[in-house]
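# Examining the three-dimensional arrangement
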Amino acid sequence: MQIFLYFCAEIMIEMQSDYTIYLQWVRAALWDEEVSGLLPAAGADVTRLMGVCCAQGTGPLVFTRMLAHKEAFPAEAVQQMKMVCAQTMQQQMRLQHTLLTAWKALAGAGIRAVLLKGAGLATLYREPYLRAWGDVDLFVGKEQYHDACRIMRETFPEALCPRGELDHCKHYNLIADGVSIEVHYVSTAPEHPCDVQRYYRIEREGMNSARVGHVTIGGVEMAVPETTFNSFYVFLHSWEHMLLKGACLKQFCDMTLLLHRYAGAIDRQRLGRYLRRMRLTDVWQLYMYVLVNHLGLAQAEAPFYSASCAARAERMLIDLLEGRMVKPKNEGQAPTNRIARKLFTMRQRMRNVHRIARYSPSFARHMKIGIWLHGASRFFARDRKWE
């Protein structure tokens, strides 16, 4: 026990004071708390703090709170914060216009869509512009997929887009008026071969037309995923970013407000089943620890919360804030020999497994099994072209 407490203390020391202050500002902004103790001393450098806010996708959220006490900040910093907030509001107006156009076109054609991620999550905040989002994600499912893609091309004839949609891609992408629209065939595509069918069974429950929720954007009612599934999906989307291209604290803020808003509506038994199916219970607990201990979510509103993962959760948070939560880049050049190339690829993938093992050894083992299964299927598929 003493060793464990010492290890936790060492991790907390490693968390720089800038990050501690940043997390306090985020918490104050999320819950509209008193910030008098967070105001900088005269002559303090707030540039680094502002940089962390922007890097973590929480600029508008925190800056709006800071601007309520603008007299405590340098004039130049105040101007920069105002500019970021204004730009975010302008961008959201453009995004919302494109979303409404796309939504009405699909609805007019009799296509039932479900709004994913950004726009729907922004409604959880006191003001939607506090949650920046950069594209439009619409789930239409398998049966409506090709018709929905056609409707989008007809609705935005000047859009940049591929010639046609592909069945094996999780979404079809086009860029209309500078806004990326993603028409989803599936909400996400798990990498682990054993997770694919498991997830699609979960998805069918969450996207069932009789169970979906609704939000109102621009005066239009839009469907969003069913609450329990949406809690799981928002978490899973963030974790996929952790596994591949990096996540940001904005996604943790989304989860905090989502779990708080719908605390009484989440089916914990079903959520627990989803997590067990996807081998994600341990990872979920890492997230819950951060949400409760750093972002102020009530422990009663954090399903399956456990303090036993404290050391690993703190390490994950530090690496997230430091920008280290990204998949390692490939090292060296792949050999030309087929077998050597397969072994090279497997070693590269295992480097990512070792990174994830620092936070969740159990999920790292799950990843390792997936890599072996995928590698074996590729190795013995002799009729395929090896790249």
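Let me sum up the structure you'll find in this document.

Within the chain one finds 15 helices and six strands. Taking all 387 residues of the chain together, the buried fraction comes to 52%. Taking as baseline every contact in the chain between residues at least 6 positions apart, the subset at least 24 positions apart corresponds to 68%. Total accessible area on the chain stands at roughly 18700 Å², and carbon and sulfur atoms take up 53% of it.

In this section: the sheet that holds strand E2 (residues 135-139). Across the sheet, which stays open at both edges, the four strands sit in the order E1-E2-E4-E3 with mixed pairing between neighbours. Where the open sheet ends on each side, the last strands, each with one partner, are strand E1 (114-116) and strand E3 (171-176). On average, adjacent strands in this sheet sit at an angle of 25° to one another, irrespective of strand direction. Taken together, the five bridges between E2 and strand E4 (residues 179-184) define a ladder with parallel strand orientation. Residue pairing for E4: Phe 139 is matched across the bridge by His 184.

On to the environment of Ala 310, then. Counting through the fold element by element, Ala 310 comes out in helix H13 (residues 310-321). A relative accessible area of 7% means that Ala 310 is categorised as buried.

Another aspect to go through is the side chain of Glu 301. As for its placement among the helices and strands, Glu 301 is situated in the loop between helix H12 (281-293) and H13. Summary of buried charges: Glu 301 has no salt-bridge partner, and the nearest side chain of opposite charge, Arg 268, is 8.0 Å away. Look past the residues within four positions of Glu 301 in its chain and what remains in contact with it is Leu 259, His 260, Ala 263 and Arg 268.

The next thing to look at is the packing of helix H3 (residues 47-55) against helix H4 (residues 59-67). Relative orientation of the contacting elements H3 and H4 amounts to 140°, with a least axis distance of 7 Å. Judged by the inter-axis angle, H3 sits oblique to H4. Contact with H3, carried on its side by Leu 49, Met 50, Cys 53 and Cys 54, involves Gly 59, Val 62, Phe 63 and Met 66 of H4 and no other residues of that element. The residue inventory of the contact of H3 with H4, partitioned by class, reads seven nonpolar, one polar and no charged.

Mapped onto the elements of the fold, Thr 98 is located in helix H5 (residues 75-108). For Thr 98, a relative accessible area of 1% gives the class buried.

The next subject is the nonpolar core. If you look at the biggest cluster of nonpolar residues, it comprises 126 residues, and the most contacted ones within it are Met 152, Phe 232, Trp 239, Phe 252, Leu 280, Tyr 287 and Met 316. Top contributing element to this core by residue count: H5, with eleven residues. Beyond its immediate sequence surroundings of up to four residues, Trp 239 is in contact with Leu 280, Val 283, Tyr 287, Met 316, Ile 356 and Phe 363.

It is worth spelling out H13 at this point. For H13, built from twelve residues, the straight-helix expectation of 16 Å at 1.5 Å per residue is met to within 8% by its first-to-last C-alpha distance of 16 Å. Those residues of H13 not exposed but buried are Ala 310, Ala 311, Ala 313, Glu 314, Arg 315, Met 316, Leu 317, Ile 318, Asp 319, Leu 320 and Leu 321. Following H13 by one or two positions, Gly 323 adopts a phi angle in the positive range, close to 80°.

This part takes up the packing of aromatic side chains. Under the counting rule described, the total for this entry stands at twelve aromatic pairs. A ring pair is formed by Tyr 199 and Phe 229, whose centres lie 6.3 Å apart and whose planes are at 40°; its orientation type is tilted. On the criterion of sequence distance, the pair formed by Tyr 199 in helix H8 (residues 195-206) and Phe 229 in helix H9 (residues 227-243) is long-range, its members being 30 residues apart. Its relative accessible area of 0% is what places Tyr 199 among the buried residues. Assessed through its relative accessible area of 0%, Phe 229 is described here as buried. Ring geometry for Phe 232 against Phe 235: centres 6.4 Å apart, planes inclined by 55°, an arrangement best described as tilted. Taken together, the residues span about one helical turn, with Phe 232 and Phe 235 both in helix H9 at a distance of three residues. Taking relative accessible area as the criterion, Phe 232 reaches 0% and is therefore assigned buried. Among the aromatic side chains, those forming a connected cluster through ring pairs are Phe 232, Phe 235, Phe 252, Tyr 274, Trp 284 and Tyr 287. Over the ring of Tyr 19 we find Arg 48; its NZ or CZ atom is 5.2 Å from the centre of that ring.

Right, let's get into the packing of H8 against H9. The packing of two helices is summarised by the inter-axis angle and the distance between the axes. The contact between H8 and H9 brings their axes to 9 Å, and the two run at 135°. If you check the angle between H8 and H9, you find them oblique. Contact residues: Tyr 199, Ile 202, Glu 203 and Gly 206 in H8; Phe 229, Phe 232, Tyr 233 and Leu 236 in H9. Of the residues in the contact of H8 with H9, the class split is six nonpolar, one polar and one charged.

Between the first and last C-alpha of H9 there are 24 Å, a value that for 17 residues agrees with the 24 Å anticipated at 1.5 Å per step. Burial of H9 is extensive: 17 of the 17 residues sit out of reach of the surface. At the N-terminal boundary of H9, the capping side chain belongs to Glu 226, with an oxygen 3.1 Å from the backbone nitrogen of Thr 228.

What follows covers the pattern of salt bridges. As enumerated under the stated definition, the model contains 13 salt bridges in all. Glu 205 is the salt-bridge partner of Arg 273, the closest N and O atoms lying 3.8 Å from each other. Of the two residues, Arg 273 is situated in helix H11 (residues 268-277) and Glu 205 in helix H8; the sequence distance between them amounts to 68 residues. The exposure class of Glu 205 is partly exposed, given its relative accessible area of 21%. One salt-bridge network, in which partners are shared between bridges, spans Arg 315, Asp 319, Arg 324 and Arg 358.

Rules used throughout
Position numbers for residues start from 1 in each chain and track the written sequence from start to end. Totals for whole chains, interfaces and linings use every residue, but because this is a predicted model, local features are given only for residues with pLDDT of at least 70 and side-chain atom pairs only at 80 or more, for both listing and counting. Here the side-chain values reflect all heavy atoms present in the structure, with hydrogen atoms and water set aside. Each helix is a run of H or I in the DSSP string that is no shorter than four residues. Each strand is a run of E no shorter than two, and both are numbered from the N terminus. Each residue is placed in one exposure class: buried if its accessible area under a 1.4 Å probe, protein chains only, is under 20% of its type's maximum, exposed if it is over 50%, and partly exposed if it falls in between. Any two residues whose heavy atoms approach within 4.5 Å are treated as being in contact. Under the convention used here, a 1.4 Å probe and the Shrake-Rupley method define accessible areas, while residue burial counts only the protein chains that appear. At least two DSSP bridges between two strands are required for those strands to pair. Only C-alpha atoms enter the line fits that serve as axes; for helices the fit covers just the stretch in contact. Angles between N-to-C directions range over 0 to 180 degrees. Counted as positive: Lys and Arg. Counted as negative: Asp and Glu. His and the chain ends are not counted at all. Take a side-chain nitrogen of Lys or Arg and a carboxyl oxygen of Asp or Glu: if they are within 4 Å of each other, that pair is a salt bridge. Any angle that falls under 35 degrees is termed roughly parallel, while one over 145 is termed roughly antiparallel, one within 65 to 115 roughly perpendicular, and all others oblique. Following the grouping adopted for this structure description, the nonpolar residues are Ala, Val, Leu, Ile, Met, Phe, Trp, Tyr, Cys and Pro, the charged ones are Asp, Glu, Lys and Arg, and the polar ones are all others, Gly among them. Here, nonpolar core refers to any group of buried Ala, Val, Leu, Ile, Met, Phe, Trp, Tyr and Cys residues whose side-chain atoms link them within 4.5 Å. The span expected for a helix works out to 1.5 Å for each residue beyond the first. Pairing of aromatic side chains requires ring centres within 6.5 Å, counting the rings of Phe and Tyr and the six-membered ring of Trp. Pairs whose planes differ by under 30 degrees are stacked, by over 60 edge-to-face, and all others tilted. Placement of a positive charge over a ring is assigned whenever Lys NZ or Arg CZ falls within 6 Å of the ring centre and within 35 degrees of the normal to the ring plane. In protein, a polar contact requires one atom able to donate a hydrogen and another able to accept it; more generally it is a pair of N or O atoms within 3.5 Å, and residues adjacent in sequence count only if both atoms are side-chain atoms.

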